[in-house]
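# Descriptive analysis of the structure
Residue strings, one per chain:
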Amino acid sequence: MYIIACFIPVIDQILMNYGIALLLGSLEVGTMDYFIKILWILLGFAVLGAVLYIVSRFMRISYMRDTLLDIRVEAFQNILNTSYKNFNKKSREAYISNLINDINIFENNFFLMLINLIFRVGVYITSLVILFFIDFKFALCIFVISIILLLINKIFEKKTIDLQEEVSNYNEEFSIEVSNTFNGLEILKLNNLEDKFLNKSLDSINRLERKKFQFTIFTDIQSGTTMLIGYFILVGILIYLLTLIEKGKTYATIIFMFQLSNSSVWSMVNIPPLLNQLKSSSNIYKKITKSTDESLSINKGNKAFSFNKEIEVRNLSFKYDERKIFKDISFKIERGKKYLLKGASGSGKSTLIKLLSKTYDGYSGHIRVDGVDYKDIDENSLNRKLAFIYQDVFLFEDSILNNITLYKSYSHEQISKAINEAGLNKLIRNKERGLEEILWENGKNLSGGERQRISIARAIIKDSEILFIDEATSSLDEELGRHIESTILGLDNTVIAISHRYYEGITEGYDYILELIDGNIVQYSIEEYFQEVAII
Ligand SMILES: Nc1ncnc2c1ncn2[C@@H]1O[C@H](COP(=O)(O)OP(=O)(O)OP(=O)(O)O)[C@@H](O)[C@H]1O
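Basis of the calculations
- All residue numbers refer to positions counted from 1 along the written sequence of the respective chain.
- Per-residue local features of the predicted model are confined to residues with pLDDT of at least 70, and side-chain atom pairs are confined, for both listing and counting, to 80 or more; whole-chain, interface and lining totals are unaffected and use all residues.
- Side-chain numbers here rest on the full set of heavy atoms in the structure, without hydrogens or water.
- Angles here are taken between N-to-C directions and fall from 0 to 180 degrees, while the axes themselves are lines fitted to C-alpha atoms, restricted in helices to the stretch in contact.
- Under the scheme used here, helices are H or I runs from DSSP no shorter than 4 residues and strands are E runs no shorter than 2 residues, and both carry numbers assigned from the N terminus.
- By definition in this entry, angles of less than 35 degrees are roughly parallel, angles greater than 145 are roughly antiparallel, angles of 65 to 115 are roughly perpendicular, and the rest are oblique.
- Contacts were defined at the residue level, with two residues in contact if any of their heavy atoms lie within 4.5 Å.
- Any two strands with at least two DSSP bridges between them are considered paired.
- The pLDDT value tells you how sure the predictor is about a given residue, anywhere from 0 up to 100.
- Nine residue types can take part in a nonpolar core, namely buried Ala, Val, Leu, Ile, Met, Phe, Trp, Tyr and Cys, and a core is a set of them joined through side-chain atoms within 4.5 Å.
- Burial status follows relative accessibility: with a 1.4 Å probe on protein chains alone, a residue under 20% of its type maximum counts as buried, one over 50% as exposed, and anything between as partly exposed.

Quick look at the packing of helix 2 (residues 32-81) against helix 8 (residues 251-289) now. Direction vectors running N to C along helix 2 and helix 8 enclose 40°, while the axes themselves pass 8 Å from each other. When the axes of helix 2 and helix 8 are compared, the pair comes out oblique. Where helix 2 approaches helix 8, its residues I71, E74, A75 and N78 are matched on the opposing element by Y285, I288 and T289.

Encoded structure:
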């Protein structure tokens, strides 16, 4: 539909060429009757042209709207489908830049280039075909000249594509820079670092603008060079056509031939730069929609997660790039038991949680739940049975209730139980709208401890089978920390927790300690650990 819509202006162009040739030709005929007849024909052409323009524009706008919507959806889904490990390889801002800046580049360049390209190619082919009928040899010459112009433009192709890609990358860099400055604004102000970061952002916008300028200049040089060559060619054509007058061709035919060759040459001057820019836009399209997840297809299991007995980890090795985190470790997690993960900073505790929750893959060895390989398990079915409490809590700009339930429906009793156990009663009583109180962006209107308690309530209400905890109580005071820790240890869920805090009389409630040392793991029963290892 889009191609047809873009082709319609070609008809307009040819009609216009023909109309002008008829008008000038009527001067040669010299009678008033003939002149008036031509004027009527021209009026008909003008009305037809206007109607065709409106039809073409309408068809193009609908196509553009649908396509851009599809691309945004595709780009968004691509990001959502990326595995967590791959997602983390790029900063969040780079994804935002892809979604906003790159789609804008694509929107501005692609359609503009495409319509121009189809129009030019259409004009070129139609003009050449008509010329072939009028003067075969002349048309052949125009064709050869076009091929030469095409080859000259080939020289510019790679540089145009590279420059466009660089503009996209500098856009990404700028978005990351600005976002870092905004995220760290509080620290920057407290340390009087605003100027330093302002300069960094200015450097990055300067680099971006310089690259955009380079791109514009380069494409202008490209079209300027080919235009200059085009002018020389047209002068040659004009001289040749004038010689045809002596051979008896009418003015109307010669004018029409000149206009057709003019259209062909200018089309050929414009087509290659348009092609180059179109190619660079389609590279941007690939960048936005390309899946970064080579592992995705391998890890899409289809078996339901069912955990009745144990999770067995056998000969598990894992590394980040070249850095080995686990070397051949083996242990078991029994259903309903409580595990405390210990180990020095950087020993791999959070990484182990990410592997056990299938957030990360790319390990060697096996993780099996009741004998079923983790890699065969459907991610959604696993996610339904897991809950997480992290030190960094993410809260949506929505009500406290929705932040706890994550938009799922629970009974009044379930909600009250989660609120009680997470120690949220006082907070909700103090808020004017209670559970319906709207939180600001990432809970900025709450204290660190309050944000943490919402995430604890969120995990409790989910009634998951496995609860992963990473420093859940580190930002809470001693009393609340003890309360939360004993609540967690009183749940029926299997708990795998990282905690540096020791709550006397409560921490002893864990069943096992898993200690990570130099890429290995040692498992202790809680009694063994406190008798033989722990220094409290
Ligand atoms: N996405 C990543 N890419 C590369 N290296 C990483 C990545 N995440 C963690 N690491 C590195 O792997 C090691 C283990 O990290 P991990 O966060 O699992 O340790 P941890 O025991 O939880 O540490 P901490 O107690 O300080 O939170 C660290 O040296 C860390 O720098």
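In sheet architecture, strand pairing relies on hydrogen bonds along the backbone and comes in two forms, parallel and antiparallel. Here we have six strands laid out as an open sheet, ordered 6-7-8-3-9-10, and mixed in their pairing. Two strands close off the open sheet at either side, each with one partner strand: strand 6 (386-389) and strand 10 (520-525). Averaged over all pairs of adjacent strands, the angle between their axes in this sheet comes to 20°, without regard to strand direction. Of the strand pairs in this sheet, strand 6 and strand 7 (residues 466-470) are connected by four bridges, and their pairing is parallel. By the bridge assignment for strand 7, A387 is matched with L467. Contacting strand 6 and strand 7, helix 15 (residues 448-462) runs over the sheet at an angle of about 165° to strand 6.

Another point: the confidence of the model for the chain. Considering every residue of the chain, the mean pLDDT works out to 84; 96% of them sit at 70 or more. Put simply, helix 9 (residues 296-299) is where the chain has its lowest mean pLDDT, 47, and strand 8 (residues 494-498) is where it has its highest, 94.

So, about the nonpolar core. Counting residues in hydrophobic clusters, the biggest one holds 44 residues, and the most contacted among them are Y2, F106, L131, F138, I237, L241 and V265. Of all the secondary-structure elements, those providing two or more residues to this core are helix 1 (2-29), helix 2, helix 4 (92-134), helix 5 (136-183), helix 7 (194-246) and helix 8. At 14 residues, the largest contribution of residues to this core is made by helix 4. Setting aside residues no more than four positions away along its own chain, L131 makes contact with F136, F138, A139, I142, M257, L260, S261 and S264. I419, L439, I454 and L467 belong to the second largest nonpolar core, which has 41 residues in total.

What follows deals with helix 10 (residues 349-356). Most of helix 10 sits inside the fold, with seven of its eight residues counted as buried. Regarding helix 10, the residues found buried are K349, T351, L352, I353, K354, L355 and L356.

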